[in-house]
Structures are given as structure tokens and as C-alpha cells.
Amino acid sequence: MSLHVLHAGAGYRYLLRTTAAGDGASPADGLAAYYAASGTPPGGWVGGGPAGLNDGHGLPDGLPVDETTLGQLFGRGHDPVTGQPLGRGLATRRHPDGGSTVVGVAGFALTFTVPKSASVLWALGDPHPQAEVLAAHHATIDVVLGWAEREND
């Protein structure tokens, strides 16, 4: 897993080119389709954070991430449903000259990358092992997000 700080304002824009782009089909079926497909499937909202939005009614897990919602939440720091301002954290940005600047933190992007051995097992496996590899990957994401949310409180 890698972690990237999303700074307030325009710091989330790279997500618009990937997660919210939805310029590709859903995950491809089979090895050949995976390599032949282009674009990125739309991302989805997961974890406990979206549950606190919309006056506690939340955003449903798996709801596709779109540019409007992403811009409201990370660009403006507002609840994407109610429009109410949300609190912001602070981070220190270090400069090459040794100085630093305190900047607003809109959130964090976590990228989960499957180890090469699991990718090969999925790529060369029949549908049953492929489903098991995918289920293990999703279970790992759930565990890590749960841990991060508990430790953040």
C-alpha cells in the first residue's frame, strides 16, 4: 500500500484523471481483456468516512466517484450532499531549501497494489482461484481501512 496526502484546494486533481475518470469499462474479464482494455474503471467510495457525510446518512459503499462529489469534498472541503463545510487537518510541506509551509489536508489517497505472485496466480488461474485472489485483495483493503480509521480517532 502507498499513501499520498491530498492537500486542500487543487491537491486532489490527479484523482480526477484516474479514479473519477471512469473512462474505461468495468474490470476486464480474463488475461487478454485485461491487457487489451484501455482507460480506468470509475472508483467507488468505501470505508467509514463516507458514512459521516450527508448528515450521518452517508454515501453508500461502492457509489461511483464522480468529479462533482470529489470536487465538493476534496476541492472545497464541503459535504458533497448537504454542501456544509467540513473540518480540515493540517500538514507540513517541506521545501528543498529546508523551509516548510503548513497546508490544509483534504484527505489521503491509499493505493493498494497486489504482489506479483498474486497477480500471476490471478492471471493464470481458472475463475475459482481468480475469485479467491480478488476476495482476498478486497478483504485486505477492508482490514487496512478499518485499522486506519480506528487509529485515526
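Quick caveat, the model's predicted, so the values are computed rather than measured.

Rules behind the numbers
Residues numbered from 1 in each chain as written. Predicted model: local features only at pLDDT ≥ 70, side-chain atom pairs only at ≥ 80, totals over all residues. Heavy atoms only, no water. Helix = DSSP H or I, 4+ residues; strand = E, 2+ residues; numbered from the N terminus. Buried < 20%, exposed > 50% of the residue type's maximum accessible area, 1.4 Å probe, protein only. Contact = heavy atoms within 4.5 Å. Areas by Shrake-Rupley, 256 points an atom, 1.4 Å probe, with all protein chains shown as cover. Core = buried A, V, L, I, M, F, W, Y, C linked by side-chain atoms within 4.5 Å. Expected span 1.5 Å × (residues − 1). Polar contact = N/O pair within 3.5 Å; in protein donor to acceptor, adjacent residues only side chain to side chain. Patch = residues over 30% accessible without salt bridge, like charges linked within 9 Å, V, L, I, M, F, W, Y side chains within 5 Å. Salt bridge = Lys/Arg side-chain N within 4 Å of Asp/Glu carboxyl O.

> Explain the overall build of the protein residue by residue, including any values.
A count of helical and extended segments in the protein gives five helices and three strands. Sequence-ordered secondary structure for the protein, helices as α and strands as β, is β-α-α-α-β-β-α-α. Looking at the protein as a whole, 24% of its 153 residues qualify as buried. If you take every contact in the protein between residues at least 6 apart in sequence, the share linking residues at least 24 apart comes to 45%. As displayed, the protein has an accessible area near 10,000 Å², and 57% of this comes from carbon and sulfur atoms.

> Just give me the short version of the nonpolar core, but keep the residues and values in it.
Listed in full, the twelve residues of the largest apolar core are Leu 6, Tyr 12, Leu 15, Leu 16, Trp 45, Leu 53, Leu 59, Val 65, Leu 70, Leu 73, Phe 74 and Ala 109. The set of elements that each furnish at least two residues to this core consists of helix 1 (13-17) and helix 3 (67-75). Once you skip the residues sitting within four places of it in the chain, Leu 73 turns out to touch Trp 45, Leu 53, His 78, Pro 80 and Leu 86.

> Explain helix 5 (residues 127-152) to me, using residue names and the numbers behind them.
Along its 26 residues, helix 5 runs 37 Å from first to last C-alpha, staying within 8% of the 38 Å computed at 1.5 Å per residue. Taken as a whole, helix 5 has its buried residues at Gln 130, Val 133, Ile 141, Leu 145 and Gly 146.

> For unusual backbone geometry, give the residues involved together with the corresponding values.
The phi angle at Asn 54 is positive, at roughly 60 degrees, despite the residue not being glycine. Structurally, Asn 54 can be placed in the loop between helix 2 (31-36) and helix 3. A positive phi angle, near 50 degrees, is found at Asp 55, a position not held by glycine. Mapped onto the secondary structure, Asp 55 falls in the loop between helix 2 and helix 3. Asp 55 gets classed as exposed once you look at its relative accessible area, which sits at 63%.

> Which residues make up the environment of Gly 107, and what are the values?
Examined against the element boundaries, Gly 107 turns out to sit in strand 3 (residues 100-111). With a relative accessible area of 12%, Gly 107 lands in the buried category. A sequence separation of 102 residues divides Gly 107 from Val 5, and the C-alpha atoms of the two residues are 6.3 Å apart. Apart from the residues within four sequence positions on either side, Gly 107 is in contact with His 4, Val 5, Leu 6 and Phe 74.

> Describe the side chain of Gln 130, and please don't skip the residues or the numbers.
By the element assignment, Gln 130 lies in helix 5. Every residue in contact with Gln 130, bar those within four places of it in the chain, is listed here: Trp 122, Ala 123 and Gly 125.

> Outline the side chain of Asp 79, listing residues and values.
Structurally, Asp 79 is set in the loop between helix 3 and strand 2 (89-94). Here Thr 82 takes part through its backbone nitrogen, which lies 3.1 Å from a polar atom of the side chain of Asp 79.

> How would you explain a nonpolar patch on the surface if you had to name every residue and give the values?
Nonpolar side chains collect at one region of the surface, where Met 1, Leu 3 and Phe 108 lie side by side and expose about 340 Å² of accessible area between them. Checked against the element boundaries, Phe 108 lands in strand 3.

All we've got here are geometric facts, nothing functional implied.
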